[in-house]
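Listed below are the residues making up each chain.
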Amino acid sequence: MGNSLQTNTNLIVFDGECVLCSGFFRFMLRRDRAGRFAFATAQSPLGQQLYRQHGLPTENFETNLVIVNGCTHQRLDAFAAAMRALPWPWPLLSLCRFLPGWLKDALYFSIARNRYRLFGRFDSCMIPGPELRARFADGGYGA
């Protein structure tokens, strides 16, 4: 399970320069019609603070974070937590949380370490238009 935070914020922290990670953001934004999640890029001050708080590197963002009801999830467990929060049929994808830890980490890191090569990288961190900024926590949309 994840580490407990003092707030009950539902937040997704993603690498704003990674095409795959930004695709996950857009996927969640379209399907989270209830507006349950706020978002922050890993490059933002809030993202940097959360990465430091969890002992993660603040320059290489191989780990995504999903915070649900104050509990922080990382890697494939973060994906599972995000899927559980969406309407049917997406919670089915959260079954990946039941895989053994060694397999979950191997799958996750094989993609994370090669994400820029496989999916590409933006030249700079994405900056949402005014209509999306309200969904970003603490102005957390860029470095």
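Another aspect to go through is the layout of surface pockets. Estimated volume of the largest pocket: approximately 410 Å³. Elements that contribute at least two residues to the lining of the largest pocket include exactly β2 (11–14), α1 (19–31), α3 (75–84), α4 (101–112) and α5 (115–119). For the lining of the largest pocket, the element with the most residues is α4, which contributes four residues. Across the lining of the largest pocket, the residue classes tally to 14 nonpolar, two polar and three charged.

Here the focus is the pairing of strand β5 (residues 71–74). Neither face of β5 is exposed, since C71 and H73 on one face and T72 and Q74 on the opposite face are all buried. Looking at chain direction, strand β4 (residues 65–68) and β5 are connected through four bridges and run antiparallel. The partner of I67 across the bridge, within β5, is T72. With antiparallel pairing between neighbouring strands as the criterion, β4 and β5 make up a hairpin whose turn holds two residues, including N69 at a positive phi of roughly 50 degrees.

Glancing now at the nonpolar core. Core analysis: the largest hydrophobic core is formed by 20 residues, its most contacted members being I12, M28, F37, F39, V66, A82 and M83. The set of elements that each furnish at least two residues to this core consists of β2, α1, β4 and α3. Among the elements that take part in this core, α1 stands out by supplying six residues, more than any other. Residues L11, V13, L65 and I67 belong to the second largest nonpolar core, which totals 13 residues.

The rules behind each value
- Residues numbered from 1 in each chain as written.
- Predicted model: local features only at pLDDT ≥ 70, side-chain atom pairs only at ≥ 80, totals over all residues.
- Heavy atoms only, no water.
- 1 Å grid on protein atoms, 1.4 Å probe; cavity = no way out; pocket = protein on both sides within 12 Å on 5 of 7 lines; lining within 4 Å.
- Points joined across faces, edges and corners; volume = space filled by probe spheres on them.
- Helix = DSSP H or I, 4+ residues; strand = E, 2+ residues; numbered from the N terminus.
- Nonpolar A, V, L, I, M, F, W, Y, C, P; charged D, E, K, R; others polar.
- Buried < 20%, exposed > 50% of the residue type's maximum accessible area, 1.4 Å probe, protein only.
- Pairing = 2+ DSSP bridges.
- Core = buried A, V, L, I, M, F, W, Y, C linked by side-chain atoms within 4.5 Å.

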